[in-house]
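As a plain string of letters, each chain reads:
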Amino acid sequence: TLSDGPRETDSVTGEPVGEDLGRVLDRDLQRLVNALWQAGAEAVSIDGQRLSSVSTIRAAGQAILVDFTPVADPYRVRAIGPPTMRRAFVTSRAAEQFRWLQNKYQMGFDVSGQQDLALRAAADPQLRHAKPSKPDQSPASPSPTGGG
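Every chain begins its residue count from 1, and numbering advances along the sequence as written. Since the coordinates come from a predicted model, pLDDT governs what is reported: local features require at least 70, and pairs of side-chain atoms require 80 or more to be given and counted, while whole-chain, interface and lining totals use all residues. Side-chain numbers here rest on the full set of heavy atoms in the structure, without hydrogens or water.

How do you make sense of the overall build of the protein chain when you look at a structure like this?
Tallying secondary structure elements over the protein chain gives three helices and eight strands in all. What counts as a helix is a DSSP run of H or I of at least four residues, what counts as a strand is a run of E of at least two, and both are numbered from the N terminus. Ordered by position from N to C terminus, the α and β elements of the protein chain give β-α-β-β-β-β-β-β-α-α-β. In the protein chain, buried positions account for 26% of the 148 residues. Every residue pair with non-hydrogen atoms within 4.5 Å of one another is taken to be in contact. Look at the contacts in the protein chain between residues 6 or more apart in sequence, and 65% of them connect residues 24 or more apart. Carbon together with sulfur atoms contributes 49% to the accessible area of the protein chain, which is approximately 10500 Å² in total. Each residue's exposure class comes from its accessible area (1.4 Å probe, protein chains only) as a fraction of the maximum for that residue type: buried when under 20%, exposed when over 50%, partly exposed otherwise. In this description, accessible areas are obtained by the Shrake-Rupley approach with a 1.4 Å probe, and a residue is regarded as covered only by the protein chains that are shown.

In structure tokens, the structure reads:
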């Protein structure tokens, strides 16, 4: 689970001030998911959105979208994999970076194990591909001046 860290607020107005350095970004979720795949994950979801090999995790303004579906704080990332996956992930460079963000900006980062986890199937990506165009069958037309 990843979650936004607390934001500094003005003591008089209660309004947020300064940069929101503890906010989870799309690239944080990308880093986390890639580390899970590298650790051996066979299936991954974010807030119930199952990922596939063509899934996208991107920002749209302040929102984070997973395959065009908004996800929200706290971000619950679930992964199914071999028994060695959890250890490989928690010792990864990405997990080390998240622990640093947790200590520096109070970003939430929690890893827990669960038995018998089931994830819903990924949506059919409806892949499209290009087809070669047919060569122009008409003869080349001469230029109006006859020159070339």
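Still to come is the rest of the account.
Sorry, what's going on with the sheet that holds strand S7 (residues 77-80) here?
By definition, the strands of a sheet pair up through backbone hydrogen bonds, in either a parallel or an antiparallel sense. Between any two strands, pairing holds if DSSP finds at least two bridges. Taking strand neighbours across the sheet as the criterion, the three strands line up as S3-S2-S7 in an open arrangement whose pairing is antiparallel. One side of each edge strand has no neighbouring strand; the edge strands of this open sheet are strand S3 (49-50) and S7. Pairing analysis gives four bridges linking strand S2 (residues 43-46) to S7, with the strands arranged antiparallel. Considered in S7, the bridge of isoleucine 46 is made with valine 77. Throughout, an axis means a line fitted to C-alpha atoms (over the contacting stretch in the case of helices), and angles, computed between N-to-C directions, take values from 0 to 180 degrees. With respect to the sheet, helix H1 (residues 26-39) is in contact with S2 and S7, its orientation differing from that of S2 by roughly 160°.

I would appreciate a short explanation of the packing of aromatic side chains in the present structure.
Here a ring pair, both rings aromatic, is described through the centre-centre distance and the interplanar angle of the planes. When the centres of two rings from Phe, Tyr and Trp lie within 6.5 Å, Trp using its six-membered ring, the rings pair. Their planes under 30 degrees apart give stacked, over 60 give edge-to-face, and anything left gives tilted. Enumeration over the complete set of coordinates arrives at three aromatic pairs. Where tryptophan 100 meets tyrosine 105, the ring centres are 6.0 Å apart and the plane angle is 80°; that geometry is what we call edge-to-face. Three or more aromatic residues joined by ring pairs form one cluster here, namely Phe89, Phe98 and Phe109.

Teacher, can you tell me more about the layout of surface pockets here?
Rolled over the atoms, a probe with the dimensions of a water molecule shows which regions are left empty. A 1.4 Å probe that fits but cannot get out identifies a cavity on a 1 Å grid over protein atoms alone, an open set with protein on both sides within 12 Å along at least five of seven lines counts as a pocket, and a residue lines either if it has an atom within 4 Å of a point. Grid points are joined across faces, edges and corners, and a volume is the space filled by probe spheres set on the points. Of the volumes computed, that of the largest pocket is approximately 660 Å³. If you go around the largest pocket, you meet 23 residues; those closest to its centre are Ala79, Ser112, Gly113, Gln114 and Leu117. Broken down by secondary-structure element, the contributors of at least two residues to the lining of the largest pocket are H1, S7 and helix H2 (85-90). Classifying every residue of the lining of the largest pocket by side-chain character gives twelve nonpolar, six polar and five charged. Roughly 260 Å³ of internal volume is contained in the second largest pocket. For this classification, the nonpolar set comprises Ala, Val, Leu, Ile, Met, Phe, Trp, Tyr, Cys and Pro, the charged set comprises Asp, Glu, Lys and Arg, and every other residue, Gly included, is treated as polar.

Before we go on, may I ask you to explain the side chain of aspartate 28 in this structure?
As for its placement among the helices and strands, aspartate 28 is situated in helix H1. Setting aside anything within four residues of it in sequence, one finds aspartate 28 in contact with Leu2, Arg23, Phe98, Leu101 and Met107.

What should I look at first to understand the environment of valine 33 in this one?
Tracing the chain through its elements places valine 33 in helix H1. As a C-alpha pair, valine 33 and serine 45 span twelve residues in sequence and 8.7 Å in three-dimensional space. What valine 33 contacts, discounting residues up to four positions off in sequence, is Val44, Ile46, Leu51 and Ile57.

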